[in-house]
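# Results of the structural survey
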Amino acid sequence: MRRCTGCAVDVEGDWARCPLCGEPLGGEAVRSPLPAVPLRFSRRRVLRALFLTSLAAILASFLAQLLFSRFSDLGALRSVWLGVVTLWLVVLMAVRKRRNVAKGTVYLVILVGLICTYWDYLTGWHEWSLTYAVPIVCGSSIIALMITVRLMSIEVGEHVVYSGLTAILGLAPILFLVLGWVQHPLPSAICGALGVVALVLLQLTWGAETRHELAKRLHL
Amino acid sequence: MTRRAWVRLDNASNIFLAARSDADPKVFRISAELRHDVDPGLLQQALDTTYERYPLYHAVLRSGVFWHYLQDSDLRPLVSAEDQHTCAPLYQAGRRNLLFRVLHHRRRIVLEIFHALSDGTGALWFLTDLVTAYLRLRDPGQPSPAGSIEAATTPRHAGGRTETGGRAGHDAAETTHELTTDSFAHYFRRRRRRHRVDPPLVPELGSPTLPGGSSGQGGSGRQGGAGGPGRSSGTSGPTETAETAAGSGPGSADKSGTAPPTRPTARTPGRPSRPPRKRVHRVRGTRTPDSRTRVVELTMPAPAVLALARAEGASLTVYLTALFFESLRASSGGLGRARTVAASIPVNLRQFFPSTSARNFFATARVEHTYGEGPDDLGSVCRDLEGQFRPQATPESLERKLRRFIRFERSPLLRVVPRILKDAILRLINWGNNRGLTVAVSNLGRVVLPGAAEASVGRMLFHVSAVRPQFCAMSHAGLLTISFTSPFVETGHVREFARMLTAHGVEVTVAAARVTEEEIAEGER
């Protein structure tokens, strides 16, 4: 074994210098009990930084839109800008929530719904968001999730809460209908009906599981 | 449709999640060095059988709205060669992976665990069973280590909770380490009357629940027969070196987990109240290039160091802590202006409150010494620290402290706080705690393995990823290993520590993991 005379210690492994004091070592080397592992830089920090800067840029864009709507008319440029930012946000959330498709879907429905409403507001409130965009997104997410959980054989406990949430979000357009916020009742009616059907189905097939999951996740 | 078992994360574990960072992923490692190179195939077989008996280790970590929880999974662990740096992160939010890994490198079998899952004692049980199973597979001729004496006293299972005198009656084949047993809740929540008896606690806890009571302090280990024949974990205080009741959580201070609400010092009745907190010295240094933990292992004959500790009239843990303080002073050139050095020492609660749960079950004590305000020789520091540590490591003061923590944790106001906020609060508390600590120290004590395994295993080692300089000690086969970990490249304090020991005639062997670019380049040549 190698030896450091300064520290009066034996050193395991093939060290040229004492790991404690840096003085040259004498004697024969023995095998090190610990491997020499190459430096490894985790991507996590880079991804975290990218995520946060993206989020900041997206938020800033949305806020800037509010200012522009007061002072000038951007015309088509506004739609291009909003479109790019929205796409960026949707991709960002989809990547971030990629490990749980059901959860990611709920996030997307909420985000897309909010953005469309905001977009509509910025461009002079023609009610297209609540009439068409939100009900269509909510309704199709219910159907999409039903198909996905079956095709991907997602474990019931993993998706049941999120399936429930999409169904409940699907009921929101009924509210729009009642409050008269829509120009055309059909999309909201279809979406609401889908939501009701989905909730009933969920209760019949996975009622107990849903309650179990909720009890677990909301445990106090 | 199967419903997976789940359990809310216990009191101590929550803080590990909140306190995770790139440099300190709250992972710890226990390794056993065999007399031969490890056979990966046999190790995998041994892992498969051991894994069956530890439902706790099947768990993945998930987060609810108000708490994190552990949930059973169908995942299977795979042994692998050691190709990552030590204590590489195990838990990443959103990923469902096991919270431990089993590695092998040359003669070492290595177990790494995320601290929210288990503490040092729990991990030692698992590693002991794993190594025993491995050696049995490798050498089938050897007698089964689970002797008939052990089988005679089996743990009593009551209502899902395992009530037993430590693991004195542990039968390797019978005890399973369940997911759902929370020893904190079992002992420190509500059931006041069980413990509140006059005269207090000690006799009550001492006699009925601790059959191996006295042997809990290393007796059985020493005789290798009396209480739990040879099970390292046979006794509630996992075969501590007889003179110390300290340290079984691999924990370091911020992990005190149990520490949220108050500073663990000073308020415990029975302790002289201290003057206002002095400025605590904090070690600074160069961070390692890829945030890996710097680990330096010192191996030395246990009796020689034990004799040194006895000569100072201190327990081994306290003696090593005093030595650590002294080496910090020497390596920092006199500590500068902040001359108070403080350490946190985890105390294994199983030695007072018997439990077979492998989940976290420890509390931490805090000791400090201010240099330049009186005698600063090693003996005086030892006495100072001993005087602070002893009163904190009694069942009464531990129970009082733990009850307070649990009452805080269970307060209705805090319960309804969403998890994200809770984590933020815990992070803040942890940050505050860190400011009051210089180092952390942990001693798993003397380990005796069952049966034939005892002779086939050489030294055993133990260390923790660290946010501040720290050492972890354990001893086996007459060899005491002290593993220093630190987020910094510098090893000055280890040098001083080793030199002080060698100056007293102790033979010290050093093994270090390569951390800097130059070191790694040299190692690859």
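Provided above is the structure to which this section pertains.
Here is a short report on the structure shown in this document. (Residues numbered from 1 in each chain as written. Chains lettered and ligands numbered in written order. Predicted model: local features only at pLDDT ≥ 70, side-chain atom pairs only at ≥ 80, totals over all residues. Heavy atoms only, no water.)

### A short note on unusual backbone geometry
One non-glycine residue, Ala8(A), lies in positive phi territory at about 60°. Along the polypeptide, Ala8(A) turns up in the loop between strand E1 (2–4) and strand E2 (9–11). (Helix = DSSP H or I, 4+ residues; strand = E, 2+ residues; numbered from the N terminus.)

### Looking at the environment of Tyr371(B)
Residues and elements named next belong to chain B. Among the structural elements, Tyr371 can be located in the loop between strand E12 (362–370) and helix H11 (378–392). Given the relative accessible area of 2%, Tyr371 is considered buried. As for Tyr371 and Thr516, which are separated by 145 residues in sequence, their C-alpha atoms are 33 Å apart. Reaching out from Tyr371, the side chain makes a polar contact with the backbone nitrogen of Glu326 at a distance of 3.5 Å. (Buried < 20%, exposed > 50% of the residue type's maximum accessible area, 1.4 Å probe, protein only. Polar contact = N/O pair within 3.5 Å; in protein donor to acceptor, adjacent residues only side chain to side chain.)

### What about the side chain of Glu82(B)?
Within the fold, Glu82(B) resides in the loop between strand E5 (80–81) and strand E6 (100–105). Glu82(B) sits in the buried class, given a relative accessible area of 10%. A distance of 2.9 Å separates a polar atom in the side chain of Glu82(B) from a polar atom in the side chain of Arg29(B). In this view, Glu82(B) contacts Pro35(A), Arg29(B), Leu103(B), His104(B), His105(B) and Val110(B); residues no more than four positions away in its chain are not counted. (Contact = heavy atoms within 4.5 Å.)

### Some thoughts on the sheet that holds E5(B)
All names here are of chain B. Ordered in space as E5-E6-E7-E2-E14, the 5 strands form an open sheet in which the pairing is mixed. Both outer strands of the open sheet, E5 and strand E14 (457–464), are each paired with one neighbouring strand and no more. Bridge count for strand E2 (residues 27–34) against strand E7 (residues 108–114) is 7 bridges, and the pairing is antiparallel. Residue pairing in the sheet places Arg29 in a bridge with Glu112 of E7. Packing against the sheet, helix H2 (residues 40–52) makes contact with E6 and E7, and its axis sits at approximately 155° to E6. Relative to the sheet, helix H3 (residues 120–138) contacts E2, E6, E7 and E14, its axis offset from that of E2 by approximately 30°. (Pairing = 2+ DSSP bridges. Axes fitted to C-alpha atoms, helices over the stretch in contact; angles between N-to-C directions.)

### Considerations on the nonpolar core
Residues and elements named next belong to chain B. Ranked by size, the top nonpolar core spans 68 residues in total, and within it Leu298, Tyr319 and Phe497 carry the most contacts. Per-element accounting of this core gives the leading share, 9 residues, to helix H10 (residues 316–331). Not counting residues up to four positions away in its chain, the partners in contact with Leu298 are Leu480, Thr481, Ile482, Phe484, Val494, Phe497, Ala498, Val508, Thr509 and Val510. Judged by nonpolar contacts, the second largest core, of 58 residues, contains Phe16, Ala133, Phe462 and Cys472. (Core = buried A, V, L, I, M, F, W, Y, C linked by side-chain atoms within 4.5 Å.)

### Concerning the packing of H10(B) against H11(B)
Residues and elements named next belong to chain B. In contact at an axis separation of 9 Å, H10 and H11 are set at 125° when each is read in the N-to-C sense. The orientation of H10 with respect to H11, classified from their angle, is oblique. Every pair of crossing elements has a handedness; the one defined by H10 and H11 is right-handed. Together, Val318, Tyr319, Thr321, Ala322, Leu323, Phe325 and Glu326 of H10 and Leu378, Val381, Cys382, Leu385, Glu386 and Phe389 of H11 make up the contact between the two elements. (Parallel < 35°, antiparallel > 145°, perpendicular 65-115°, else oblique. Left-handed = near helix turned anticlockwise from the far one by under 90°.)

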